[in-house]
Amino acid sequence: MATTPTPCSSSSDAAEMFLRDFHNNGPGRQSVNMERAPLADGRTGCQVPAAEVAGVRGVPDLGCADGALLEVLAEAGAEELAGIDLADQELALARMRPALTGADLRQGRAQELPFADGSFEAVVSHMALMLMHDVDRIAAEAARVLAPGGRLAVAVGGGPVEGQAMSLF
Ligand SMILES: C[S@@+](CC[C@H](N)C(=O)[O-])C[C@H]1O[C@@H](n2cnc3c(N)ncnc32)[C@H](O)[C@@H]1O
């Protein structure tokens, strides 16, 4: 019997459904590719935003996927780690990392962070924001969950990917 696709209320819903399904069907792809292609200085992409927030205790990763960046942060000494991602299969891989045993990993949208006001010293995101809609709202959410003086460290990528965040950056 034919199935009727779930209707989308907007193009951002459709984009999120595509990203969620893409990542659920191939979790871990992004971090494997990143390991294979280090930057010119030898670091991986995740080590760049991690270095920007060195020394923090608590930090959520927006679009954390399989937890590659959170693991780098854990190895650097961060103890209160959190992550949010659309794709539960990516989060399932993140939960398998021993370094992330205590991390607060949630399935959800960066536009609606399920974290309390002022609860983190930093917020990070790696190669994810340029794929997201309504980046003003994400920035507002990041500001809301940051403690006074907190830092937002974001790495975005361009190339063939076009999006609102990329053009704003
Ligand atoms: C290109 S991957 C990058 C993953 C990871 N940060 C890394 O560098 O390995 C983008 C991730 O962002 C997630 N994502 C996209 N839009 C999102 C949104 N609105 N809220 C939360 N996660 C989102 C996707 O599910 C995907 O796992």
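Residues numbered from 1 in each chain as written. Predicted model: local features only at pLDDT ≥ 70, side-chain atom pairs only at ≥ 80, totals over all residues.

(A) Here's a closer look at the overall build of the protein chain. Assigned secondary structure in the protein chain consists of seven helices and five strands. Start at the N end of the protein chain and walk to the C end: the helices and strands fall as α-α-α-β-α-β-α-β-β-α-β-α. Within the protein chain, contacts between residues at least 6 apart in sequence are counted, and of these 66% link residues at least 24 apart. (Helix = DSSP H or I, 4+ residues; strand = E, 2+ residues; numbered from the N terminus. Contact = placed C-beta atoms within 7 Å.)

(B) Examining the pairing of strand β5 (residues 146-155) more closely. Here six bridges tie strand β4 (residues 120-126) to β5, and the two strands are oriented parallel to one another. Looking at β5, one finds that V123 is bridged to L152. Regarding topology, helix α6 (residues 135-145) serves as the crossover connection from β4 to the parallel β5, and that connection is right-handed. (Pairing = 2+ DSSP bridges. Right-handed = clockwise from strand over helix to strand, strands pointing away.)

(C) Local environment of the confidence of the model for the protein chain. Here the protein chain averages 89 in pLDDT, and 88% of its residues register 70 or above. In this model residues 1-8 is a low-confidence stretch, pLDDT under 50, and it forms three contacts with partners more than four residues away in sequence or in other chains. (pLDDT = per-residue confidence, 0-100.)

(D) Region of the structure containing unusual backbone geometry. The backbone of M127 shows a phi angle near 55 degrees, a positive value even though the residue is not glycine. Of note, M127 is situated in the loop between β4 and α6. Accessibility expressed as a C-beta count within 10 Å gives 22 for M127, which makes it buried. (Buried ≥ 20, exposed ≤ 12 C-beta atoms within 10 Å, placed from the backbone.)

(E) Looking closely at the site of the ligand. In the vicinity of the ligand lie 25 residues, with Q30, G63, A65, A110 and A128 positioned nearest. Elements with a contribution of two residues or more to the shell around the ligand: α1 (11-25), α2 (29-36), α4 (68-75) and β2 (80-85). The biggest single contributor to the shell around the ligand is α1, with four residues. For the shell around the ligand, the per-class residue count stands at 14 nonpolar, six polar and five charged. (Near = placed C-beta within 6 Å. Nonpolar A, V, L, I, M, F, W, Y, C, P; charged D, E, K, R; others polar.)

(F) Spatial organisation of the environment of E90. Its place among the elements puts E90 in helix α5 (residues 88-95). Exposure remark for E90: the 27 C-beta atoms within 10 Å place this residue in the buried category. Considering only alpha carbons, one finds E90 and G63, 27 residues apart in sequence, at a separation of 9.7 Å. In contact with E90, not counting residues within four places along its chain, are H23, P27, A65, D66 and D85.

(G) Here's a closer look at α5. Residues of α5 that are buried include every one of E90, L91 and A94, and no others. In an axial view of α5, the angular spread of the buried residues amounts to 95 degrees, which keeps them on one side of the axis. Close packing links the buried residues of α5 with α1, α4, β2 and β3 (104-107). (Arc of directions from axis to C-beta.)

(H) Expanded view of the nonpolar core. Counting 41 residues, the largest nonpolar core has V59, L69, L70, L73, L81, V123 and L129 as the members making the most contacts within it. Counting only elements with at least two residues in this core, the list comes to β1 (58-62), α4, β2, α5, β4, α6 and β5. Every residue in contact with L69, bar those within four places of it in the chain, is listed here: C46, P49, A50, D61, C64, V124 and H126. (Core = buried A, V, L, I, M, F, W, Y, C linked by C-beta atoms within 7 Å.)

(I) Structural context of the environment of G150. If you trace the backbone, G150 turns up in strand β5. When the 19 C-beta atoms within 10 Å are taken as the criterion, G150 is described as partly exposed. For the pair G150 and F120, spaced 30 residues apart in the sequence, the C-alpha separation amounts to 7.2 Å. In contact with G150, other than residues within four places in its own chain, are F120, E121 and A122.

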